[in-house]
Amino acid sequence: MSTLATVLAAAQERESHRLDVTAGEESPLVVYFSSVTRNTDRFIQKLPVRSLRLPLKTSEPTPQLTEPFVLAVPSYGRPGGAGSVPPQVVKFLNQPVNRQHLMGVIGAGNTNFGSLFCVAAEKVAVKCQVPLLYKFELMGTDQDVEEVTLGLDKFWQASTQPRD
Ligand SMILES: Cc1cc2nc3c(=O)[nH]c(=O)nc-3n(C[C@H](O)[C@H](O)[C@H](O)COP(=O)(O)O)c2cc1C
C-alpha cells in the first residue's frame with residue numbers, strides 16, 4: 001500500500017481526519033487544522049490539492065507524514081498572543097517525521113487581531129525554518145484561492161522535482 005493509501009485507510013476510521021485524494025498524485029499535499037467553525041476547511045476545499053485535515057481532538061492519534069507537505073494553520077491566541085498555535089498542530093509537529101517533511105506554511109487568521117494576524121503560522125515557520133508562503137483571512141477570497149493555487153503549484157514543483 002502506498003504511503004497515501006496507508007494514511008487514507010487510517011483516516012477513514014475517523015470522520016474528522018479525512019484525506020481528500022480527488023486531486024492527482026502529483027498535486028501538492030496540504031495538511032491543515034480547522035476547528036468546528038471550519039473557515040480553513042472551506043478554503044482548502046476550494047484548492048486543487050490533496051488535503052488532510054488534522055483531528056479535532058488532541059486525544060485522537062496524530063498522523064505521521066512520510067512525504068512532503070505544506071501545513072495550513074489558523075491562529076488561536078490568548079490575549080497577548082500566547083498559545084496561538086492550536087494544540088492539535090503542536091502535537092502533529094512534535095512528531096519528528098512530520099517536521100522532516102514540512103515544506104512550508106500557509107497562515108489563516110483574522111485581521112482584527114492586528115499585528116497578531118496569522119501569528120501561529122509565523123511561529124511555525126520560524127521554529128521549523130520553512131517559508132511562510134501565504135496568509136489569508138477567515139475562509140479566503142476568490143483572489144486568495146487563485147494566488148494560492150498558482151503559488152503552491154510553482155512552489156511544489158520547485159521543491160519536489162529533482163534538479164538536473
Ligand atoms: C479565541 C480566538 C483567538 C484567535 N486568535 C487569533 C490570532 O491571534 N490571530 C489571528 O490572525 N486570528 C485569530 N483568530 C481568528 C481565527 O484564526 C480565524 O477565525 C480562523 O479563520 C479560524 O479558522 P477555523 O475556523 O478553520 O478554525 C482567533 C479566533 C479565536 C476564536
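Residues numbered from 1 in each chain as written. Predicted model: local features only at pLDDT ≥ 70, side-chain atom pairs only at ≥ 80, totals over all residues.

Visitor: Summarise the overall build of the protein chain; cite the residues concerned and give the values.
Guide: Helix and strand counts for the protein chain come out as six helices and six strands. When the elements of the protein chain are put in sequence order from the N terminus, they spell out α-β-β-α-β-β-α-α-β-α-β-α. Looking at the protein chain residue by residue over its 164 residues, the buried ones come to 35%. Looking at the protein chain alone, contacts between residues at least 24 apart form 68% of all its contacts between residues at least 6 apart. (Helix = DSSP H or I, 4+ residues; strand = E, 2+ residues; numbered from the N terminus. Buried ≥ 20, exposed ≤ 12 C-beta atoms within 10 Å, placed from the backbone. Contact = placed C-beta atoms within 7 Å.)

Visitor: Describe helix α5 (residues 119-128), listing the residues and the values that go with them.
Guide: Each full turn of the α-helix corresponds to 3.6 residues, which orients residues three or four apart in the same direction. Three or more residues of α5 are buried, namely A120, A121, E122, V124 and A125. Each element contacted by the buried residues of α5 is listed here: β4 (69-74), α3 (87-93), β5 (102-109) and β6 (132-137). One or two residues past the end of α5 sits Q129, with phi positive at roughly 55°.

Visitor: So what's going on with the site of the ligand? Which residues, and what values?
Guide: Of all residues adjacent to the ligand, which total 22 residues, the nearest are S35, N39, T40, G77 and G109. Counting only elements with at least two residues in the shell around the ligand, the list comes to α2 (39-45) and β5. Of the residues that constitute the shell around the ligand, the class distribution is nine nonpolar, eleven polar and two charged. (Near = placed C-beta within 6 Å. Nonpolar A, V, L, I, M, F, W, Y, C, P; charged D, E, K, R; others polar.)

Visitor: Tell me about the nonpolar core, and please be specific about residues and values.
Guide: Ranked by internal contacts, the top residues of the largest apolar core, which has 34 residues, are V30, V31, Y32, L71, A72 and V73. Every element with two or more residues in this core is listed here: β2 (29-32), α2, β4, α3, β5, α5, β6 and α6 (142-160). The dominant element in this core, judged by the number of residues it contributes, is β4, at five residues. If near-sequence neighbours (up to four positions away) are discounted, A72 is found in contact with V30, Y32, T40, I44, I106 and A108. (Core = buried A, V, L, I, M, F, W, Y, C linked by C-beta atoms within 7 Å.)

Visitor: Just give me the short version of the confidence of the model for the protein chain, but keep the residues and values in it.
Guide: Caution applies to low-pLDDT regions: their predicted coordinates should not be interpreted in detail. When pLDDT is averaged along the protein chain, the result is 88, and 82% of the positions lie at 70 or above. Segment residues 5-18: pLDDT under 50, and 19 contacts once partners within four positions in sequence are set aside and those in other chains are kept. (pLDDT = per-residue confidence, 0-100.)

Visitor: Residues and numbers for α6, please.
Guide: In this model α6 runs 27 Å from its N-terminal to its C-terminal C-alpha over 19 residues, within 8% of the 27 Å that 1.5 Å per residue would give. Every buried residue of α6 is listed here: D144, V148, L152 and W156. Buried residues of α6, seen end-on, are gathered within an arc of 75° and therefore sit on one face of the element. Of the exposed residues in α6, the ones pointing more than 90 degrees away from its buried face are D142, Q143, E146, L150, K154, Q157 and A158. Where α6 is buried, its residues meet β4, β5 and β6. (Expected span 1.5 Å × (residues − 1). Arc of directions from axis to C-beta.)

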